[in-house]
There are 2 protein chains.
Amino acid sequence: MTRPLPSAVVSDLSEIVGRRHVITDPDRLLVYESDGLTAYRIPPRAVVLPASTEEISAVVEVLHRKGVAVIPRGAGTGLSGGALSTPGGVIVGMARMNRILTIDPENRIARAQPGVINAHLTEATSPYGLYYPPDPSSQSACTLGGNVAENSGGPHCLKYGVTARYVTGLTVVLAGGRVMQLGGVGRDPYTTLDLVGLFVGSEGCFGIATEIEIRLLPITEGVRTLLGIFESVESAGRAVTKIIASGLMPAAVEIVDGPTIQAVEASVFAAGYPLEAGAALVIEFDGTEAGLDLDADRAEGYCLEEGAIEVQRATDPEHRTKLWRARKKAFGAMGRIAPDLLVQDATVPRTKLPEVLAGIDDIGSRYGLKIANVFHAGDGNLHPNILFDRQNQKELELVERASKEIMQLCVDAGGTITGEHGVGLDKREYMTLVYGPAELQAMAAAKQVFDPASLFNPGKVLPEVEGAELGVAMKASTVS
Amino acid sequence: MTRPLPSAVVSDLSEIVGRRHVITDPDRLLVYESDGLTAYRIPPRAVVLPASTEEISAVVEVLHRKGVAVIPRGAGTGLSGGALSTPGGVIVGMARMNRILTIDPENRIARAQPGVINAHLTEATSPYGLYYPPDPSSQSACTLGGNVAENSGGPHCLKYGVTARYVTGLTVVLAGGRVMQLGGVGRDPYTTLDLVGLFVGSEGCFGIATEIEIRLLPITEGVRTLLGIFESVESAGRAVTKIIASGLMPAAVEIVDGPTIQAVEASVFAAGYPLEAGAALVIEFDGTEAGLDLDADRAEGYCLEEGAIEVQRATDPEHRTKLWRARKKAFGAMGRIAPDLLVQDATVPRTKLPEVLAGIDDIGSRYGLKIANVFHAGDGNLHPNILFDRQNQKELELVERASKEIMQLCVDAGGTITGEHGVGLDKREYMTLVYGPAELQAMAAAKQVFDPASLFNPGKVLPEVEGAELGVAMKASTVS
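So, how was this worked out
- Residues numbered from 1 in each chain as written.
- Chains lettered and ligands numbered in written order.
- Predicted model: local features only at pLDDT ≥ 70, side-chain atom pairs only at ≥ 80, totals over all residues.
- Heavy atoms only, no water.
- Helix = DSSP H or I, 4+ residues; strand = E, 2+ residues; numbered from the N terminus.
- Rg over C-alpha atoms; globule rule 2.2 N^0.38 Å.
- Buried < 20%, exposed > 50% of the residue type's maximum accessible area, 1.4 Å probe, protein only.
- Contact = heavy atoms within 4.5 Å.
- Areas by Shrake-Rupley, 256 points an atom, 1.4 Å probe, with all protein chains shown as cover.
- Lys, Arg positive; Asp, Glu negative; His and termini not counted.
- Charge placed at Lys NZ, Arg CZ, Asp CG, Glu CD.
- Domains from an automatic or database assignment.
- Buried area = accessible area lost by both parts, 1.4 Å probe.
- Polar contact = N/O pair within 3.5 Å; in protein donor to acceptor, adjacent residues only side chain to side chain.
- Nonpolar A, V, L, I, M, F, W, Y, C, P; charged D, E, K, R; others polar.
- Salt bridge = Lys/Arg side-chain N within 4 Å of Asp/Glu carboxyl O.
- pLDDT = per-residue confidence, 0-100.
- Disulfide = S-S within 2.5 Å.
- Core = buried A, V, L, I, M, F, W, Y, C linked by side-chain atoms within 4.5 Å.
- Least-squares fit on C-alpha atoms with pLDDT ≥ 70 in both.
- Pairing = 2+ DSSP bridges.
- Axes fitted to C-alpha atoms, helices over the stretch in contact; angles between N-to-C directions.

> Provide a residue-level description of the overall build of chain A, including the pertinent values.
A count of helical and extended segments in chain A gives 17 helices and 20 strands. Its C-alpha radius of gyration of 23 Å places chain A within 12% of the 23 Å reference for a compact globule of 480 residues. Considering only C-alpha atoms, chain A reaches an extent of 70 × 55 × 45 Å along its principal axes. Burial status across chain A gives 62% buried among its 480 residues. At a minimum sequence separation of 6, the contacts of chain A that also span at least 24 residues come to 72%. Summed over all atoms, the accessible surface of chain A reaches about 16700 Å², with 52% contributed by carbon and sulfur. Of the side-chain charges in chain A, 43 are positive and 58 negative, and the distance between the mean point of each set is 4 Å.

Written as structure tokens, this is what we have:
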């Protein structure tokens, strides 16, 4: 049972944001109990929905004065439990911070509030011939603030890079409600002691970004989308290696494996893929119209050389959408064949994909778990999806053990435990697979630069370790 | 007079690196008294030249145990006094750390020591069809370690981004000789609490990067280089705005102003530019061969619309080199017409270029100083070059005052005091023009994450401020 917030605090918060924007009713709080990773559920004591930097600052001031932890939350689409409350914490939601503040086409910069939905930024800037490249699969729902917190990626980040490449300035609310400006001017991160880059990807553990300055890119003239159907993930993987090694620079290279194809084809999203296919490879090129057909021809050649059963090329925007369908709708389709789905996220060197995928397959067999893979092959960013039934306690345990083995496998291959979903609550115990005490202590110290008393999103990202053990390395940063 | 290093320390260091790699002879130390910004001269107590991570770690351990400050140094081409000793400090030079350790073409990654010269990395990777995009004007001399320290840019960073976009992993030696691994795996910065991104641009104030993992890009198929000659910088600037606003994505957009053209034409680097020209605009496109002529045609059209006197297009690699000459040789040419040159570095929003350039012109007139401009117009990254004679004490003072006014002008235009040269010793007093006490304290705290006792490159980047004043905000990070 969650301890309710004292009425004096509720009244202080209500004075700032209005009573109806302070949610304390347990029924209304239900929706905030989990994020996109529904395996975890922790009810917050309250949810506050401010509408300006000033309100956020005042809300944080009140809560921190009372020693209450603040959990920033965007759309809650995250897949690592990062936007989940901590016991006794209060969620500060960005739903009302949803305005695009300025679009400056001449300098190719926009400034937006964190609650703006990712896809809306591109919608708003496209009349100026500009767009925002990072495109998480959840882009029609997830928000810029969440993207900043998780340093989100997406299929086209192979060519265009993840969120950190586009954020050039931030207004942030820090511990106790202090407001700080970081960066600005619109170029790549160029500053000395780059605090913007540090803040991006900090998963709500440093503070709340309340205004985000973003570099935009000109919309590319043309696009070519290919779908290759392969007998096996291995042959699709070899085609990827050939394409990348050839010097081609695709905007996206995505693989959908056999089990995922079968799930998609059995669903309302059926795209007409052959059911016996071992893998589908989606390749996209963009840029100046003139060179695209040549690029697509070369990529098609490499697919056929590696034994592709067929290669389709999109003939119009609708066809393009269809070719992308299995990739985009994979998670939805899998939801139909199993009650629960754990979407994992890890990155390995691209050349290690075949061996890691074989290893994941083996882990699935050993635990008797169905694992389907949909992933950003060009980036080596894997998304193994474990299908299970949460009601089955034994299966739930197997999922946890398999998950950890997959992470270990990726780390052993020279990879890491996250690619674009962050660490959150789900993967913080895996941090020690990658980082030693010194690195973890440095991260803890970096958090303390912004949030010395650990009042922002505590219990996320950094694993619990003996304070003593880590304390030796960097005394200077110990919480006072 | 510099206090020599105690002989016991010299002997400890000699045991690690060999006596001939510990420089204590005042004559040999002379060359280390300044970096590319020769206005400042501080002799180090000694220079040590280790040859491995282990040696660097051991050297730092010895020096820090004695409380001696360590100043990491690459090729010393920096232009902000960042690689300068601090009084009583010892320079640890990277001249012997000059090996490319691995080139992994399939994953498009290289791992190199910090003393590798920037241009050598591209030379070594070009047989694999790969290159390293950041291209500082000093790229034939400057080193990767220095690039990491300064988060260096270059003409082609308009399209390809600065150093931070390419560094994905670092081995670093921190305070007391501790070795730490940051990042890895070759994708864009993807980690939570991105310590790699924080370290890049830390100007040697955090520690020494001893191995650098770098993403490489495939060499582009084709290139088109244009040179536009304009009557004034203003008309060249308007052409830039039109080109960028049109959605074209040039690889580089550089402006060389009239005074610079005159200096170049009077030098051995003469490129045949008309002496009466007010500005030369170098525009380059790269990418798939097929689309390039169209891009170049469009850019040429915009130049002519804005009153270009003529537009040349490179017909072969030699011609391309010639068109770039005034840009690349500008600093050398100016050296011929004045004994001393102060190359400044600041960034403003691209659309503010005309007003800021007019303001710089006005500052030059008021102080009676000759100021020539060569700059990355596409990025809004200005390089005003003040010509002077150091022997003239009064002129030296005017240069300092004019420099500060230029910085204030750029900041007032919404810009910042650095673009790619770092802050170093030269611009740390200007930091307060851009940052308030809270931001500066956050930066100081970030330094303390890595270097709690401030033994790496002290006195650089962060201005001296009352400790008390800044101490309040973030107690947790105070040096113990």
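> Account for the domain arrangement of chain A, naming residues and giving values.
Residue and element names in this part refer to chain A. Here chain A is partitioned into domain 1 (7–93), domain 2 (100–218), domain 3 (223–325) and domain 4 (338–452). Spacing between the C-alpha centres of domain 1 and domain 2 amounts to 22 Å. Of the roughly 1100 Å² buried where domain 1 meets domain 2, counting both sides, 65% is carbon and sulfur surface. Inspection of the region where domain 1 meets domain 2 yields three residue pairs in polar contact (both at pLDDT 80 or more). Listing elements by their share of the side of domain 1 that touches domain 2, those giving two or more residues are helix H3 (53–65) and strand S3 (70–73). Broken down by element, the side of domain 1 that touches domain 2 gets its largest block of residues, six residues, from H3. Its residues assigned to classes, the side of domain 1 that touches domain 2 comprises seven nonpolar, six polar and one charged.

> Talk me through the pattern of salt bridges; I want residue IDs and the actual numbers.
Any two side chains of opposite charge can pair if their charged atoms end up close together. Residue and element names in this part refer to chain A. Applying the stated criterion across every chain, the model contains 38 salt bridges over all chains. The salt bridge partner of Glu405 is Arg366, with a shortest N-O separation of 2.8 Å. Of this pair, Glu405 sits in helix H14 (residues 393–412) while Arg366 sits in helix H13 (residues 353–367), placing them 39 residues apart in sequence. The partner of Lys447 in a salt bridge is Asp451, with the nearest N and O atoms 2.8 Å apart. A single salt-bridge network, built from bridges that share partners, covers Arg238, Lys242, Glu305 and Glu306.

> Go over the confidence of the model for chain A with me, naming the residues and quoting the values.
Per-chain confidence: chain A averages 91 in pLDDT, with 95% of residues scoring 70 or above. Across residues 466–480 of chain A, confidence stays below pLDDT 50; counting only partners more than four residues off in sequence or on other chains, it has 30 contacts.

> Before we move on, could you go through the state of the cysteines and cite the residues and values that matter?
This model, assessed by the stated rule, comprises zero disulfides over all chains. Unpaired in terms of disulfides, Cys157 of chain A finds its nearest cysteine sulfur in Cys142 of chain A, a separation of 11 Å. On the basis of relative accessibility, which here comes to 2%, the residue Cys157 of chain A falls in the buried class. Left unpaired, Cys410 of chain B is separated from the closest cysteine sulfur, that of Cys157 of chain B, by 19 Å. For Cys410 of chain B, a relative accessible area of 1% puts it in the buried group.

> Tell me about the nonpolar core, and name the residues and values.
Counting 192 residues, the largest nonpolar core has Leu170 of chain A together with Leu170 of chain B as its most contacted members. Filtering out sequence-adjacent residues up to four positions away, Leu170 of chain A remains in contact with Arg111, Val148, Met180, Gln181, Leu182, Val196, Phe199, Val200, Ala209, Glu211 and Ile212 of chain A.

> Any chance you could break down the interface of chain A and chain B for me, citing the residues and the numbers?
Residue-level contacts link 77 residues of chain A with 79 residues of chain B. Counting each side, the surface lost to burial between chain A and chain B is near 6500 Å², with a carbon and sulfur contribution of 58%. Taken together, chain A and chain B are joined by zero salt bridges. Linking chain A to chain B there are twelve residue pairs in polar contact (both at pLDDT 80 or more).

> Can you explain the relation of the copies chain A and chain B? Please cite residues and give values.
Superposition record for chain A on chain B: RMSD 0.0 Å, screw rotation 180°, translation along axis 0.1 Å. The two molecules are tied by a two-fold rotation axis, judged by turn and shift. Of the interface residues in chain A, 100% have counterparts in chain B that sit at the interface too, so the contact is made through matching surfaces.

> Tell me about the sheet that holds strand S6 (residues 109–112) of chain A, residues and numbers included.
Residues and elements named next belong to chain A. Pairing in this open sheet of five strands is antiparallel, and the strands run S5-S6-S10-S8-S9 from one edge to the other. Here the strands that pair on one side only, and so sit at the sheet edges, are strand S5 (100–104) and strand S9 (179–183). In this sheet, adjacent strand axes meet at a mean angle of 10° when their direction is disregarded. Relative to strand S10 (residues 208–215), strand S8 (residues 167–173) runs antiparallel, the two being bridged by six bridges. Its bridge partner lying in S10, Val172 is registered against Ala209. On top of the sheet, helix H4 (residues 118–125) reaches S5, S6 and S10; it is set at about 40° to S5, its chief contact.

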